[in-house]
Amino acid sequence: MWFMSEVGELAEALRGQHKSEEVAKEFADVLAWLATLANIAGIDLNAAIEMKYGRGCPYCEKIPCLCSPTEKP
Ligand SMILES: [Zn+2]
């Protein structure tokens, strides 16, 4: 629930006319809660990211992704 709340706050910050420092803090909150949830679930977040995105986009395999906006998951 805390994670979803923080995602909501980030969405609100991105939609509004907030200072970039405030938006950055919301990103930090979301990342901190995501890392906490991964830890509770016993997931190595670094390993998970490397597994899925270590070779770039899992679909086009490019860095940065070259998929068209309509093809992005
Ligand atoms: Zn791609």
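Residues numbered from 1 in each chain as written. Predicted model: local features only at pLDDT ≥ 70, side-chain atom pairs only at ≥ 80, totals over all residues. Heavy atoms only, no water.

Engineer: Outline the coordination of the zinc ion, listing residues and values.
Structural biologist: The zinc ion binds to the protein through Cys57 (SG), Cys60 (SG), Cys65 (SG) and Cys67 (SG); the donor distances cover 2.2 to 2.4 Å. Coordination geometry of the zinc ion: the 4 donor atoms subtend angles of 101 to 118° at the metal centre, consistent with an arrangement described as tetrahedral. All donors to the zinc ion come from one chain, and their sequence spacing reads C-x2-C-x4-C-x1-C. (Donors = N, O, S within 2.8 Å, 3.2 Å for Na, K, Ca; no water. Tetrahedral: all angles 85-135°; square planar, octahedral: opposite > 155°, others 65-115°.)

Engineer: A description of the pattern of salt bridges should follow, citing residues and the corresponding values.
Structural biologist: By the definition in use, this model includes 2 salt bridges. Between glutamate 12 and arginine 15 there is a salt bridge whose closest N-O contact spans 2.9 Å. Of the two residues, glutamate 12 and arginine 15 are both situated in helix α1 (residues 2-15); the distance of 3 residues between them amounts to about one turn of the helix. Using a relative accessible area of 45% as the deciding quantity, one classes glutamate 12 as partly exposed. Lysine 25 is the salt-bridge partner of glutamate 21, the closest N and O atoms lying 3.5 Å from each other. Here glutamate 21 and its partner lysine 25 are both found in helix α2 (residues 20-40), 4 residues apart, which amounts to about one turn of the helix. For lysine 25, a relative accessible area of 51% corresponds to the exposed category. (Salt bridge = Lys/Arg side-chain N within 4 Å of Asp/Glu carboxyl O. Helix = DSSP H or I, 4+ residues; strand = E, 2+ residues; numbered from the N terminus. Buried < 20%, exposed > 50% of the residue type's maximum accessible area, 1.4 Å probe, protein only.)

Engineer: So what's going on with the environment of valine 7? Residues and values would help.
Structural biologist: Tracing the backbone shows valine 7 in helix α1. For valine 7 and leucine 31, which are 24 residues apart along the polypeptide, the C-alpha to C-alpha distance reads 9.4 Å.

Engineer: An account of the UniProt feature "domain: NTP pyrophosphohydrolase MazG-like" (unreviewed entry) in the protein chain is requested, with residue identities and associated values reported.
Structural biologist: In this numbering, the UniProt entry assigns the feature "domain: NTP pyrophosphohydrolase MazG-like" (unreviewed entry) to residues 2-50. As annotated, residues 2-50 comprises 84% helix and 0% strand, and the C-alpha atoms at either end are separated by 25 Å. (UniProt positions renumbered as here; feature names shortened; annotations may be inferred.)

Engineer: Outline the nonpolar core, supporting the account with residue identities and numerical values.
Structural biologist: Formed by Phe3, Leu10, Ala13, Val23 and Val30, the largest nonpolar core amounts to 5 residues. If you list the elements that add at least two residues to this core, you get α1 and α2. Of the residues forming this core, the biggest block, 3 residues, is contributed by α1. When sequence neighbours within four positions are dropped, the list of residues in contact with valine 30 reads Phe3, Glu6, Val7 and Leu10. (Core = buried A, V, L, I, M, F, W, Y, C linked by side-chain atoms within 4.5 Å. Contact = heavy atoms within 4.5 Å.)

Engineer: Quick rundown of the packing of aromatic side chains? Include the residues and the values.
Structural biologist: A complete count under the given rule lists 1 aromatic pair for this structure. Pairing tryptophan 2 with tryptophan 33 gives two aromatic rings, centres 6.1 Å apart and planes at 10°, and the pair type is stacked. Taken together, the positions of tryptophan 2 in helix α1 and tryptophan 33 in helix α2 put the pair 31 residues apart, joining distant regions of the chain. (Phe/Tyr/Trp six-rings, centres within 6.5 Å; stacked < 30°, edge-to-face > 60°.)

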